[in-house]
Amino acid sequence: MSGREFTHDSILGLNVRQEGSTLHIEGAEFTKKDVNYSDEIEMKRLATRANQTADGLFDLITRNCNIDNPNITLDAHLEIYLSLAGLACEIYLKSLIYYDARNDGKKLGTHDLCDLFRRISQESKAAIRRKINDIDEFLPSLSVLFMHLRYDFELNHIAGEYLAVFDLMKVLKTLSNGNPALETGYIRYANGTLQIG
């Protein structure tokens with residue numbers, strides 16, 4: 001089977017061809033990037049990458065769902081956007097924690113929004129509370145959002161104040177995007193990293 005050729009600037013300005021299900025990128029090196037969780041600069045780079053990932057989720061959600069007035073009918077698939085918003089919130093929170101090096105020199109292994117919220121700076125907590133007065137009341141239910149929504153097809157209902165996740169996502173995006181981005185030198189790709197060399 002002959003390879004499908006892409007134009008030179010089609011992906012990252014590199015020559016790319018496809019052979020079957022394999023994508024070949026000339027001039028690119030795939031490396032697994034070990035992260036030094038004790039290095040403050042590396043944490044800021046990690047925060048930048050996390051912020052970019054969460055921004056991608058935010059863009060995907062807002063292109064497909066009116067988060068200020070969501071369609072709650074069954075065919076709107078709201079549970080998908082709520083789940084993605086919960087994931088975006090988790091990643092934005094991790095971005096804030098890593099940026100401020102509040103991770104105790106370790107990888108953040110939790111998905112619990114309450115735990116992550118406890119770790120962000122007091123300034124960030126205050127900013128969130130100014131925008132969402134009852135965040136402390138909603139956060140426990142938002143913390144289990146994904147767990148409940150992934151089995152929504154079995155439960156056949158969504159119970160809880162889950163729409164608040166959209167408000168939290170917007171506030172966290174603003175806070176996280178307020179941190180200066182650092183050039184990462186890497187583009188995340190699949191299970192490793194695409195390093196431009």
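It should be emphasised that the depicted structure is a prediction, and the values quoted were computed from it without experimental measurement.

Colleague: Just to check I follow, could you spell out the overall build of the protein chain for this structure?
Modeller: Each helix and strand in the protein chain was counted, giving 8 helices and 6 strands. Ordered by position from N to C terminus, the α and β elements of the protein chain give β-β-β-β-α-α-α-α-α-α-α-α-β-β. In the protein chain, which comprises 197 residues, the share counted as buried stands at 39%. Of all intrachain contacts in the protein chain linking residues separated by at least 6 positions in sequence, the fraction that spans at least 24 positions is 59%.

Colleague: Would you explain the packing of aromatic side chains in this entry?
Modeller: Two aromatic rings, taken as a pair, are described by how far apart their centres are and by the angle between their planes. As enumerated under the stated definition, the model contains 1 aromatic pair in all. Where Tyr-37 meets Tyr-98, the ring centres are 6.0 Å apart and the plane angle is 40°; that geometry is what we call tilted. Taken as a pair, Tyr-37 in the loop between strand E4 (28-31) and helix H1 (40-64) and Tyr-98 in helix H2 (residues 78-99) lie far apart in primary sequence, 61 residues in all. Geometry around Tyr-99 places Lys-44 over its ring, the cationic atom sitting 4.0 Å from the centre.

Colleague: Help me out: how do you make sense of helix H8 (residues 164-177) in this one?
Modeller: An α-helix turns once every 3.6 residues. As a result, residues three or four positions apart point the same way. Between its terminal C-alpha atoms H8 stretches 20 Å, which fits the 20 Å expected from 14 residues at 1.5 Å a residue. Among the residues of H8, Ala-164, Val-165, Phe-166, Leu-168, Met-169, Val-171, Leu-172, Lys-173 and Ser-176 are the ones counted as buried. If you follow the buried residues of H8, they end up packed against H1, H2, helix H4 (122-131), helix H5 (135-143) and helix H6 (145-149).

Colleague: I'm lost on the pattern of salt bridges in this one. Help?
Modeller: Once the charged atoms of two side chains with opposite charge are near each other, the side chains can pair. Throughout the structure, instances matching the rule amount to 9 salt bridges. A salt bridge links Asp-55 to Lys-173; its shortest N-O distance comes to 3.0 Å. On the criterion of sequence distance, the pair formed by Asp-55 in helix H1 and Lys-173 in helix H8 is long-range, its members being 118 residues apart. Residue Asp-55 shares its accessibility class with Lys-173, and that shared class is buried. For Lys-170, the salt bridge goes to Asp-68, with nearest N and O atoms at 2.4 Å. Linking Lys-170 in helix H8 with Asp-68 in the loop between H1 and H2, this pair joins segments that are 102 residues apart in sequence. A residue is classified by how much of its surface remains accessible, and Asp-68, at 60% relative accessible area, is exposed.

Colleague: Looking at this structure, I do not really get H4. What am I missing?
Modeller: When we look at burial in H4, the residues that qualify are Ser-124, Lys-125, Ala-127 and Ile-128. For H4, the angular spread of the buried residues around the axis is 160°, confining them to a single face. Residues Gln-122, Glu-123 and Arg-130 are exposed on H4 and point more than 90 degrees away from its buried face. Contact partners of the buried residues in H4: helix H3 (113-119), H5 and H8.

Colleague: Even after reading the chapter, I still don't get the packing of H1 against H8, so can you show me in this structure?
Modeller: Packed helices, taken two at a time, are described by their axes: the angle between them and the distance between them. The geometry of H1 relative to H8 is characterised by a closest axis approach of 11 Å and an angle of 140° between their N-to-C directions. On the basis of the axis angle, H1 is oblique to H8. Considering only the axes of H1 and H8, their crossing is left-handed. Here H1 contributes Asn-51, Asp-55, Phe-58 and Ile-61 to the contact with H8, which in turn contributes Phe-166, Met-169, Lys-170, Lys-173, Ser-176 and Asn-177. A breakdown of the residues in the contact of H1 with H8 according to their chemical character gives 4 nonpolar, 3 polar and 3 charged.

Colleague: What is the right way to read the environment of Thr-174 from this model?
Modeller: Positionally, Thr-174 belongs in helix H8. Taking relative accessible area as the criterion, Thr-174 reaches 57% and is therefore assigned exposed. Expressed as a C-alpha distance, the spacing of Thr-174 and Tyr-92, which sit 82 residues apart in the sequence, is 9.6 Å.

Colleague: Honestly, the nonpolar core in this entry has me stumped. Any pointers?
Modeller: Most often, soluble globular proteins have nonpolar side chains that are buried together. By size, the foremost hydrophobic cluster in this structure holds 45 residues, and its most contacted members are Phe-166, Leu-168 and Met-169. Mapped onto this core, the elements with two or more residues apiece are H1, H2, H3, H5, H6 and H8. Broken down by element, this core gets its largest block of residues, 13 residues, from H2. If we skip the residues at most four places from it in the chain, Leu-168 touches Cys-89, Ile-128, Ile-132, Ile-135, Leu-139 and Leu-142.

Basis of the calculations
- Residues numbered from 1 in each chain as written.
- Predicted model: local features only at pLDDT ≥ 70, side-chain atom pairs only at ≥ 80, totals over all residues.
- Heavy atoms only, no water.
- Helix = DSSP H or I, 4+ residues; strand = E, 2+ residues; numbered from the N terminus.
- Buried < 20%, exposed > 50% of the residue type's maximum accessible area, 1.4 Å probe, protein only.
- Contact = heavy atoms within 4.5 Å.
- Phe/Tyr/Trp six-rings, centres within 6.5 Å; stacked < 30°, edge-to-face > 60°.
- Lys NZ or Arg CZ within 6 Å of the ring centre and 35° of its normal.
- Expected span 1.5 Å × (residues − 1).
- Salt bridge = Lys/Arg side-chain N within 4 Å of Asp/Glu carboxyl O.
- Arc of directions from axis to C-beta.
- Axes fitted to C-alpha atoms, helices over the stretch in contact; angles between N-to-C directions.
- Parallel < 35°, antiparallel > 145°, perpendicular 65-115°, else oblique.
- Left-handed = near helix turned anticlockwise from the far one by under 90°.
- Nonpolar A, V, L, I, M, F, W, Y, C, P; charged D, E, K, R; others polar.
- Core = buried A, V, L, I, M, F, W, Y, C linked by side-chain atoms within 4.5 Å.

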